[in-house]
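One-letter residues, chain by chain:
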Amino acid sequence: MWGILVALISGALMSIQGVFNTELTKQSSLWVSTGWVQLSAFLVCIAAWFFTGRQSILALAEVEHKYILLGGVIGAFITITVIQSMSALGPAKAAMLIVVAQLAVAYLIELMGLFGVEKAGFQWRKLIGMAIAIAGIVIFKWEK
């Protein structure tokens, strides 16, 4: 139950953040707003680190697969692409496409066992669920 609640909160926060970032970009610029988003997130992380235990930062040097250190770089591109998609499509359409893309890529990662994720077997019901989600986007976007 906790995981479901946290996932719902995460999705809501992503949508709100996307709207905030898009508006910030309109009033500044893409790189200024993206930089601010990343800097402010970094400052929150530093503050949280001071209050929650101060684990060693040197643990980053000991990470087994160095490519997993690219999460922040990917995060910057996520911020940019969310801003641009919400600006072009509006929050609802952009969020639906983003979620379907997340679902598709996450399922491929599970199927192939990529990035240290345990490999999962193919299930038709998951593919059908994905098709239903895509059909939902078509219906949502459908205009007379």
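Residues numbered from 1 in each chain as written. Predicted model: local features only at pLDDT ≥ 70, side-chain atom pairs only at ≥ 80, totals over all residues. Heavy atoms only, no water.

Topic: the side chain of Thr34
Consideration 1: Looking at where Thr34 falls in the secondary structure, it is placed in helix α2 (residues 30-52).
Consideration 2: At 2.8 Å, the side chain of Thr34 forms a polar contact with the backbone oxygen of Leu30.
Consideration 3: When residues no more than four places from it in sequence are discounted, the contact partners of Thr34 are Ala76, Thr79, Ile80 and Ile83. (Helix = DSSP H or I, 4+ residues; strand = E, 2+ residues; numbered from the N terminus. Polar contact = N/O pair within 3.5 Å; in protein donor to acceptor, adjacent residues only side chain to side chain. Contact = heavy atoms within 4.5 Å.)

Let's talk about the packing of helix α1 (residues 2-27) against α2
Consideration 1: Axis separation between α1 and α2 bottoms out at 8 Å; the angle between their running directions is 135 degrees. On the basis of the axis angle, α1 is oblique to α2. Crossing hand, α1 versus α2: right-handed. On the side of α1, the interface is formed by Gln17, Asn21, Leu24 and Thr25, while α2 contributes Leu30, Ser33, Trp36 and Val37. (Axes fitted to C-alpha atoms, helices over the stretch in contact; angles between N-to-C directions. Parallel < 35°, antiparallel > 145°, perpendicular 65-115°, else oblique. Left-handed = near helix turned anticlockwise from the far one by under 90°.)

Examining the packing of α2 against helix α3 (residues 71-89)
Consideration 1: Close contact between α2 and α3 brings their axes to 10 Å; oriented N to C, the two are set at 130 degrees. With respect to α3, the axis of α2 lies oblique. Handedness of the crossing formed by α2 with α3: right-handed. Along the contact surface, α2 presents Leu30, Trp31, Ser33, Thr34, Val37 and Gln38, while α3 presents Gly72, Gly75, Ala76, Thr79, Ile80, Ile83 and Gln84.
Consideration 2: Tallied by class, the residues present in the contact of α2 with α3 amount to 6 nonpolar, 7 polar and no charged. (Nonpolar A, V, L, I, M, F, W, Y, C, P; charged D, E, K, R; others polar.)

Overview of the nonpolar core
One broad trend across soluble globular proteins is that nonpolar side chains are buried collectively.
Consideration 1: By size, the foremost hydrophobic cluster in this structure holds 5 residues: Val100, Tyr107, Leu111, Met130 and Ile137.
Consideration 2: Looking at this core, the elements that each hand over two or more residues are α4 (91-112) and α5 (124-141).
Consideration 3: Of the residues forming this core, the biggest block, 3 residues, is contributed by α4. (Core = buried A, V, L, I, M, F, W, Y, C linked by side-chain atoms within 4.5 Å. Buried < 20%, exposed > 50% of the residue type's maximum accessible area, 1.4 Å probe, protein only.)

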